[in-house]
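The primary structure of each chain is shown beneath.
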Amino acid sequence: MDRQTPGDPPLTYLDHAASAPMRDEVVEAMAPFASGVFGHPSGHHRQARAARQALEEARDRIAELLGAAPREVVFTSGGTEADNLAVIGVLGAVVRRRPGEPAAVVSSSVEHAAVLEACRVASARLGGVVHERVGVDSQGLFDLTRLAQTLEDLRGDVALVTVMLANNEVGTVQPLGEVVALTRSLAPQAVVHTDAVQAAAWLDVAQVASGVDLVSVSAHKLGGPKGAGALVVREGTAIEPLFVGGGQERERRSGTHDVAGAVGLAAALAAVANEREAESARVGALRDRLADGLLHAVPSVIEVAERKFVLPGHCHLCFSGVDREELVLLLDEAGVCVSAGAACASGALEPSHVLAAMGVPAPIARGSIRFSLGHTTAAEDVERALAVVPEAVARLRG
Ligand SMILES: Cc1ncc(COP(=O)(O)O)c(C=O)c1O
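Quick caveat: nothing in here was measured; it's all calculated off a predicted structure.

**Digging into the site of the ligand**
Near the ligand you find 13 residues, and of these Gly-79, Thr-80, Asp-195, Ser-218 and Lys-221 are the closest. Here an oxygen atom of the ligand and a side-chain polar atom of His-220 are 2.9 Å apart. Computed on the free molecule, the ligand has an accessible area of 390 Å², of which 85% lies beneath the protein chains in the complex. Counting residues per element, the shell around the ligand draws most heavily on helix H3 (residues 79-97), which supplies three residues.

Here it is as structure tokens:
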């Protein structure tokens, strides 16, 4: 495991959108479940009751923070499982209800792989399911005219519309309210899902996703633990489980609960809610300083999306004539941690489907870097990045 050792350059962590460092209050809230409170929350003795009480308190808190009823919160192992459950679970329920009839899932073309792959798998495994992707404009904004056209063309076949609240690569916030309104008027039978995994760190999901049937969140993007998340499933939404067994989570997700993870998710969401306004302003200003500074100091840099459309912590830049993988490694040597787009499990970089959908030419996308700021980012981090990045880019170009 890589850790800071004496002599290492100071750590400048600008990769919060990949995973945000755990917050102190989250670690503190989870600590009792690493030792003292270890019971199985489905059991019947005092240890079990203590675990169940913690789990249900976490559920109540999460429900309130996401604008849901406690019974609508389904604990998952993170954002990927929440997205998979939403897509495969809803389509599975539809196909079971109407076997042999066509069913369509409509998504944006810039969804996270957890949604796109779930759509692909659902259409491969469930008979009659088709997946329609609707594109975005040059800012990464979902094309509402195309959505309306697609919903009209598919009519009663549309079972699910899934559009992320904010994009993980470029940070563009989608017009979710309009997506819901169009779907309700043109495909009233359809269920609407939003992947709020990135957005939950900055936006009030309870408010912006209030009209949506299914909402995915993940703790580790918020300063909570990895491997913990939730899917809000509004009352009355038919969904098939991915995991079957003990029937936990009202038959929607079997498996012994990760009590510590649920407590950590609740603590992280609460921390985000408490500081949302102040942090959005503070981090947004740091992001502006970073973006403006780099645009000024480095020639031939493109900012792919206008900041007014983007989450406060995101700064996505394309350095022309530079290979993003080489730049990430060079910056890492200098202690600056950033991301070069979507990495698969092997760590290999794949061409960005998000930048391609936005119409960014491949040679420019080759130099794309995501700086993502968050709750641990201080002014010194930005100043270090401003000192290090221009030199690294010049070295690679030279
Ligand atoms: C938009 C989005 N959805 C889903 C996921 C997957 O979440 P998790 O890492 O909790 O499985 C991520 C993580 O990168 C994400 O950014």
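**Let's talk about the nonpolar core**
Taken as a class, soluble globular proteins show a tendency for nonpolar side chains to be buried jointly. Membership of the largest hydrophobic core comes to 74 residues, with the highest contact counts inside it found for Leu-290, Leu-294, Phe-319 and Phe-371. The biggest single contributor to this core is helix H8 (residues 259-297), with 15 residues. Both domain 1 (12-22 + 276-397) and domain 2 (24-270) contribute no fewer than three residues apiece to this core. Apart from residues no more than four positions distant in its own chain, Phe-319 is found in contact with Leu-294, Val-298, Ser-300, Val-301, Leu-327, Gly-367, Ile-369, Phe-371, Val-389, Val-393 and Arg-397. One finds Val-74, Val-87, Val-105 and Leu-231 within the second-largest nonpolar core, a separate group that totals 25 residues.

**Regarding the pairing of strand S6 (residues 191-195)**
Extensive coverage of S6 is indicated by the burial of five of its five residues. Of the two faces of S6, the one lined by Val-191, His-193 and Asp-195 and the one lined by Val-192 and Thr-194 are each fully buried. Direction of pairing for strand S5 (residues 158-162) relative to S6: parallel, over a ladder of three bridges. Considered in S6, the bridge of Leu-160 is made with Val-191. Since S5 and S6 lie parallel, the crossover through helix H6 (residues 176-186) that links them has a hand, and here it is right-handed. Of the strand pairs in this sheet, S6 and strand S7 (residues 214-218) are connected by three bridges, and their pairing is parallel.

What counts, and where the lines are drawn
- Residues numbered from 1 in each chain as written.
- Predicted model: local features only at pLDDT ≥ 70, side-chain atom pairs only at ≥ 80, totals over all residues.
- Heavy atoms only, no water.
- Near = heavy atom within 4 Å.
- Polar contact = N/O pair within 3.5 Å; in protein donor to acceptor, adjacent residues only side chain to side chain.
- Areas by Shrake-Rupley, 256 points an atom, 1.4 Å probe, with all protein chains shown as cover.
- Helix = DSSP H or I, 4+ residues; strand = E, 2+ residues; numbered from the N terminus.
- Core = buried A, V, L, I, M, F, W, Y, C linked by side-chain atoms within 4.5 Å.
- Buried < 20%, exposed > 50% of the residue type's maximum accessible area, 1.4 Å probe, protein only.
- Domains from an automatic or database assignment.
- Contact = heavy atoms within 4.5 Å.
- Pairing = 2+ DSSP bridges.
- Right-handed = clockwise from strand over helix to strand, strands pointing away.

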